[in-house]
Structure formats: structure tokens, C-alpha cells
Amino acid sequence: MQARPRLRVWLSALALVLALVSALVWPAGPAGAGSPVELARRAGLRVLEGRHLTLLTDRPARDGDGVPDLPGLFDEAFAAWCRHYHVDPAAHADWRAVGCLIVDRERFRAAGLLPVDGVVPDFENGFCAADRFWLVDQSNPDYRRHLLLHEGVHAFTLTLRSAAAPPWYTEGIAELLAMHRLDRAAARGARFVPTPIPERPGDVEQLGRIETLRALSAAGRAPGLEDVFALPPAAHRELSAYAASWAAAAFLAGHPTHRTAFAAAERGPLDRDFTNRLTGTPEWDGPRASRDFAAFLDDLDYGYDFDRMAVDWAPGRPLAEPHTATVAADRGWQNAGSMLAAGQACSFRATGRTTVGRAAGRDLESGPDGITLRWHRGRPVGRLLVAQWVEPADGSLPSFRVLGEGAAGRFTAAAAGPLYCKLNESPGELADNAGGLTVSLTP
Ligand SMILES: [Zn+2]
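Source: prediction; values computed, not measured.

**Student:** Could you give me a rundown of the overall build of the chain, with the residues and numbers involved?
**Tutor:** Helix and strand counts for the chain stand at 13 helices and 20 strands. Over its C-alpha trace the chain gives a radius of gyration of 25 Å, about what one expects of a compact globule, namely 22 Å for 443 residues. Once the C-alpha set of the chain is aligned to its principal axes, its extents read approximately 85 × 55 × 40 Å. Excluding contacts between residues fewer than 6 apart, the proportion of contacts in the chain whose partners are at least 24 apart in sequence is 66%.

Spelled out as C-alpha cells, the structure:
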């Protein structure tokens, strides 16, 4: 809430910049006399044309740098953005953005392609105004592509959705809809494959969103959902703000409990009341969303599977007598159906066999102790973990605290609340698991 007056000032400033830019820059459209293409050609810049993107660059042609593929990938991304926003691509077949991929800003200024006098701010990596955007060339092809598409999403939402939403949404959705991997095995060159959560670090080199959030979590400084909603625009000079905004957008678009409310809000205006409209929809459960977001950040990893990781927060019955729970191998934290009082002692004993993936063409079988062939977060994959959801007294983000692990053990409850069990594995590698464990709980 504190951010609102600053937000209003920022939005007014943005509206002014957009109006100035559309009035001052390239009144002739992308290809006519005095157009960006003509200005670029006159200045000796390269012009690469796709259906929806005109890309102007002073980057010298270099074999294997992927730059010639960018307009085609942009067109594929455009189709994905249309799907996300339920926009009919046929109705916008002529939609086109002009992007400047810049090595030397002076060449673009001299060419009349980079407005001076503060119309375009002195951006660090990229800036978008309506259907025009500018980005600084990057040495890493994955990161260059990501930045180009990030600015492309801004151009899309600014022009086709009149977007003026709060910064967390504007930047979060640009990050989310730019996130992709390349299918290099496709018949017609590399293809754009949207991956809201990156599947592997090698797909998004130098992006560092997941690593940044993990480091914040490890330091007890992971942002809450309300913190992300309140991020001021100036915060987006830092990687952590982009990472947090991406995480919020990915969470809201992907979590089975919250994606309906998010999609409903996105069908409405993307204006400055967007967050209030989202949190005001009948389907919205604020406390639950905050808890689910914290659980998401707690386990965030490449390929995070929202459906398999969704948590049942039901309180369960007090553990007054022995209780048996089953734990599926292909899901994240599972409610054991028993609630403990803070400080209550509990014993557990687990039996059963599970499959936790494949290696060298064979199923990897595991018991409750896990397998030492593969590890995740310092413990063997497949190992039974018993935990509680703990809200730290220092106000840092709540998380699951592991209290017991392996085939058997005894522990003391860390908080009043239900017990949760899962097999230790990355949340992106649950789909190929099978079987489950039977866990006996005794007070
Ligand atoms: Zn941006």
C-alpha cells in the first residue's frame, strides 16, 4: 500500500513518455519514408524482418550467433502471447514491433533511432515504448533472446492490452511470457517452446532467476506475495525484483488453486487497479495464496510441477492414537492427516518400495531410506521426509521444516499443526515416479 502514491507518479510519467515517444519518433510507420527501416539502412545498420518484428542492429553478422533466427522466434512467441491473452492472431496479422538491438548507442542516436532529451530513459538493458523497443546486445545468445522477447511482451501488452498495471505484473508477465527453451531438433530451424518455469539451467543461461530466489530463501530474505505486489518501479533495476515478479506471475498462472482467479483478472483491464481486482475476485483466498507462494519459493527448482506440488493445508485430526498414512512417490508435500501439538513427541516407521526415475534404461527402485545414486538438497533421492510448516518468530518467510527422515525415527513437533510427508526429489522430476510408502505414526 505504501507504494501507491509513488506508483501513480510513475504511471503518469510513463503515460507522458509514451505520448511523447509516439509523437516524436518515426511517425511514418516501420517501412515508409523517414521510417526506422529507412533510417537504419541510411546509417548502415542491419535490418532483419519477420512477420511481427522489424529488428535493427549494429551488431556485425556472425555465424552461429542466432541473431538471424530472432524475428522468426519472435513470431512464434507472438502466437503464444495471443494464446495467453485470448487474442485472435488473425485479427492482428499486421501487428508489428520495431526493436533495436544495440551495440553502440551513439550510432542509434546519430541515426535518429534512439530519441535523446530524456524521452527514452538511460536504460540499463532494455526499454519499451508502445510498439518500439531498445535493448543492449548481450554476449550470451540465450540472454539476448530472453531480453528481446521480454521487451516484445511489453510492446504486445502496451499496444494490444493498453497495459498500465503495477510493476510486479508488468515485469512479471514480461518475464513469464519471454521464458522459453529452443527446440533445436525442429525440422525448420530452432523453435520457440514456452517454459513458464525453465526446465533446465542450460535452457536459460545467465538468467539466474531461480538461483537468485534460492539464495534469498537460504538467507531468510525470500519475498512474500504481498511484498512482490508492492514492489515500486525503481526496484526493477535489481535482478531480485525481476526474479520475484517472475515468480509471482508464474505462481499465479500455474498454481491449480489460484490460476482461475489470475486468468479472470487478466481478462479484465491491465490497469493500475489490476492487483486490487485480482485480490477482489470471489475465487481469491489471500492468506492461502500467501502460504502457497511461500511453499512454492521454499521448493522452487527447474521444472517445478505445480499440480504435483500443490499442498493440502487441512488441519487434520490430533494424533492421540496410532495413525497410518500413505505417501505417493509422484507428489510433493502430502498431508498425513494428523495434527500435532507444539512439543508433542511422535514416532514414525515407513515401509514400501517406490520407483524414483530411470537410469541406464532401468527403473531406479527405492525404499524409505532413499538411493545414494542421486541426491537432492543434500539428501538421497527417494528418502522419506517428515515435516511441519513452520512460521519463524523473526518474521522471515514460513517454510517446511524437516523433523524426521528415512525408515524410522522419533521427533518433537516444531509447531502446532499437521504433519507432512514426501519422498525427497526435485519438484521437476516427480512425473516419472511410481508407487508409495506406508507410514505409521505413533504419539
Ligand atoms: Zn521489462
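**Student:** I'd like a rundown of helix α9 (residues 239–254), residues and numbers included.
**Tutor:** A rise of 1.5 Å per residue sets the reference length of α9, with its 16 residues, at 22 Å; its end C-alpha atoms lie 22 Å apart and thus fit the reference within 8%. Counting buried positions over the 16 residues of α9 gives 12, a clear majority of the element. Considered for burial, the residues of α9 that qualify are A241, Y242, A243, A244, S245, W246, A247, A248, A249, A250, F251 and L252. Contacts made by the buried residues of α9 are with α6 (167–178), α7 (209–218), α8 (225–229), α10 (259–267) and α12 (286–299).

**Student:** Tell me about the sheet that holds strand β4 (residues 126–129), and please be specific about residues and values.
**Tutor:** Adjacent strands of a sheet pair through backbone hydrogen bonds, lying either parallel or antiparallel. Here five strands make up an open sheet; going across it, the order is β1-β2-β3-β5-β4 and the pairing mixed. The open sheet terminates on both sides in strands that have one partner only, identified here as β1 (46–49) and β4. Along the sheet, successive strands turn relative to each other by an average axial angle of 15°, direction set aside. Across five bridges, strand β2 (residues 53–57) lies against strand β3 (residues 97–102) in parallel orientation. Looking at β3, one finds that T57 is bridged to L101. The strands touched by helix α3 (residues 70–85) within the sheet are β1 and β2, with β2 carrying the most contacts at an inclination of about 145°. Along the sheet, helix α5 (residues 141–160) contacts β3, β4 and β5 (132–136); its crossing angle with β4, the most-contacted strand, is approximately 20°.

**Student:** Run through unusual backbone geometry, naming residues and quoting values.
**Tutor:** Unlike most non-glycine residues, H86 shows phi in positive territory, near 55°. Within the element layout of this structure, H86 appears in the loop between α3 and β3. Under the C-beta neighbour-count criterion, H86 is labelled exposed, with 9 such atoms within 10 Å. Backbone geometry places A130, a non-glycine residue, at a positive phi of 50°.

**Student:** Which residues make up the pairing of strand β19 (residues 417–423), and what are the values?
**Tutor:** With six of its seven residues buried, β19 lies for the most part within the structure. Relative to β19, strand β10 (residues 334–340) runs antiparallel, the two sharing four bridges. Opposite M339, over in β19, you have P418 as the bridge partner. One ladder, built from four bridges, connects strand β16 (residues 384–390) with β19; its direction is antiparallel. Across the sheet, the residue bridging to A387 is Y420, located in β19.

**Student:** Describe the domain arrangement of the chain, with residues and values.
**Tutor:** Parsing the chain into structural domains produces domain 1 (4–164), domain 2 (201–304) and domain 3 (317–442). Each partner contributes to the interface: domain 1 provides 13 residues, whereas domain 2 provides 10 residues. Partitioning the side of domain 1 that touches domain 2 into residue classes produces six nonpolar, three polar and four charged.

**Student:** Explain the sheet that holds β16 to me, using residue names and the numbers behind them.
**Tutor:** Strand order in the open sheet formed by five strands is β8-β10-β19-β16-β17, with mixed pairing between adjacent strands. Every interior strand has two partners, whereas the edge strands, β8 (317–318) and β17 (399–405), have only one. One ladder, built from two bridges, connects β8 with β10; its direction is parallel. For P318, the partnering residue across the bridge sits in β10 and is M339.

**Student:** Lay out α5 in plain terms, naming residues and giving numbers.
**Tutor:** Because an α-helix completes one turn every 3.6 residues, residues spaced three or four positions apart along the sequence face the same direction. An ideal rise of 1.5 Å per residue puts 28 Å on 20 residues; α5 measures up with 28 Å between its terminal C-alpha atoms. Where burial is concerned, most of α5 is hidden: 15 out of the 20 residues are buried.

Thresholds applied
- Residues numbered from 1 in each chain as written.
- Predicted model: local features only at pLDDT ≥ 70, side-chain atom pairs only at ≥ 80, totals over all residues.
- Helix = DSSP H or I, 4+ residues; strand = E, 2+ residues; numbered from the N terminus.
- Rg over C-alpha atoms; globule rule 2.2 N^0.38 Å.
- Contact = placed C-beta atoms within 7 Å.
- Expected span 1.5 Å × (residues − 1).
- Buried ≥ 20, exposed ≤ 12 C-beta atoms within 10 Å, placed from the backbone.
- Pairing = 2+ DSSP bridges.
- Axes fitted to C-alpha atoms, helices over the stretch in contact; angles between N-to-C directions.
- Domains from an automatic or database assignment.
- Nonpolar A, V, L, I, M, F, W, Y, C, P; charged D, E, K, R; others polar.

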